Amino acid sequence: MNPSAERVSRRAPEPLTLLQEFLNTHRHADRVDKLASISRARVWLRDHGVAPLSCSHVDLARLVAARDGLRSALGGNPGCTGVPALPHPTLTWEFHDDRLVLTGAGRGIERFLNDLAAAVVTASLTGMWTRLRVCPDDQCGLAFWDQTRNRSAVYCSSSGCANRARQRAHRARIRTGRP
């Protein structure tokens, strides 16, 4: 399986799909930071169905802080549920298809950040949060969905990122003279 096909198959289910895409707005080897400027952030938000009334430098800073805080929470400890970047979300309950669903309140950027918080809370309550991971490979760093039965995936791609890590470890052992 090629690495890009494997990554596509590792998409998180709802309610974490948008959160995963938001986490992957960061800059890495072959991508630009989609939140690097107000204009880029507006394009990303619009493309993902978020219609902010405005997007100021303060809003952009909040988006970047939320993304980096969530990435840190996931990357530092896959089972971590603390989300310091979303400290006081305003949440509400809505009915969707005869189900009670936790959603964010507000408008624009505020609503988007509150919706992310609602997704994190919902995922935590259902046990899904522990399956969302951030690849530790320095050249990658993508957020991915752990599909393994025992929830043990570390890298987003066994044939890409994990293979590079194994090669680096092998070369390090050769340099130090260990088998």
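Residues numbered from 1 in each chain as written. Predicted model: local features only at pLDDT ≥ 70, side-chain atom pairs only at ≥ 80, totals over all residues. Heavy atoms only, no water.

J.: Explain a nonpolar patch on the surface to me, and be specific about the residues and the numbers.
T.: Taken together, the side chains of Leu91, Val121 and Leu125 make up a nonpolar region of the molecular surface, amounting to roughly 260 Å² of accessible area. Among the structural elements, Val121 can be located in helix H5 (residues 108-126). (Patch = residues over 30% accessible without salt bridge, like charges linked within 9 Å, V, L, I, M, F, W, Y side chains within 5 Å. Areas by Shrake-Rupley, 256 points an atom, 1.4 Å probe, with all protein chains shown as cover. Salt bridge = Lys/Arg side-chain N within 4 Å of Asp/Glu carboxyl O. Helix = DSSP H or I, 4+ residues; strand = E, 2+ residues; numbered from the N terminus.)

J.: If you had to explain the side chain of Thr17 to someone new, which residues and values would you point to?
T.: Here Thr17 is to be found in helix H2 (residues 17-23). Those residues in contact with Thr17 that sit more than four places away from it in its chain are Arg11 and Ala12. (Contact = heavy atoms within 4.5 Å.)

J.: Just give me the short version of the pattern of salt bridges, but keep the residues and values in it.
T.: Applying the stated criterion across every chain yields a total of 8 salt bridges. Measuring nitrogen to oxygen at the nearest pair gives 2.8 Å for the salt bridge that ties Arg67 to Asp33. Placement of Arg67 in helix H4 (residues 57-76) and of Asp33 in the loop between H2 and helix H3 (38-47) is noted, with a sequence separation of 34 residues between them. For the pair Arg67 and Asp33, a shared accessibility class is recorded, and that class is buried. The salt bridge involving Arg111 is made with Glu94; its shortest N-O contact spans 3.8 Å. Placement of the pair is Arg111 in helix H5 and Glu94 in strand E1 (residues 91-96), with a sequence separation of 17 residues. Its relative accessible area of 26% is what places Arg111 among the partly exposed residues. Salt bridges linked by common partners bring Asp33, Arg67 and Asp68 together as one network. (Buried < 20%, exposed > 50% of the residue type's maximum accessible area, 1.4 Å probe, protein only.)

J.: Requested: an account of the packing of aromatic side chains, with residues and values cited.
T.: Scanning all chains against the criterion turns up 3 aromatic pairs. Ring geometry for Phe22 versus Trp44: centroids 5.9 Å apart, planes at 55°, classification tilted. Taken together, the positions of Phe22 in helix H2 and Trp44 in helix H3 put the pair 22 residues apart, joining distant regions of the chain. Of the residues examined, Phe22 reaches a relative accessible area of 0% and is grouped as buried. One aromatic cluster in this structure is built from Phe22, Trp44 and Phe112. (Phe/Tyr/Trp six-rings, centres within 6.5 Å; stacked < 30°, edge-to-face > 60°.)

J.: Tell me about unusual backbone geometry, and please be specific about residues and values.
T.: Residue Glu14 is joined to Pro15 through a cis peptide bond whose omega torsion reads 10°. With respect to the element layout, Pro15 can be found in the loop between helix H1 (3-8) and H2. Even without glycine at this site, Asp98 takes up a positive phi of about 65°. Topologically, Asp98 is positioned in the loop between E1 and strand E2 (99-104). Since its relative accessible area comes to 80%, Asp98 is described here as exposed.

J.: Before we move on, can you summarise the environment of Arg107 with the specific residues and values?
T.: Examined against the element boundaries, Arg107 turns out to sit in the loop between E2 and H5. Separated by 57 residues in sequence, Arg107 and Val50 place their C-alpha atoms 9.6 Å apart.

J.: So what's going on with the nonpolar core? Which residues, and what values?
T.: If you look at the biggest cluster of nonpolar residues, it comprises 32 residues, and the most contacted ones within it are Leu19, Phe22 and Phe112. Secondary-structure elements contributing two or more residues to this core are H2, H3, H4, H5, strand E3 (132-134) and strand E4 (143-145). The element contributing the most residues to this core is H5, with 8 residues. Contact partners of Leu19, with chain neighbours within four places excluded, come to Leu70, Leu116, Val120, Trp129 and Leu132. If you look at the next biggest cluster of nonpolar residues, it comprises 7 residues, including Cys140, Leu142, Phe144 and Cys161. (Core = buried A, V, L, I, M, F, W, Y, C linked by side-chain atoms within 4.5 Å.)

J.: Break down the pairing of E1 for me, with residues and values.
T.: Regular strands place their side chains on alternate faces of the sheet. Where E1 lies against E2, 6 bridges are found, and the strand directions are antiparallel. Looking across to E2, one finds that Thr92 is bridged to Thr103. The turn joining E1 and E2, which pair antiparallel and follow one another in sequence, is formed by 2 residues; a positive phi near 55° is taken by Asp97. (Pairing = 2+ DSSP bridges.)

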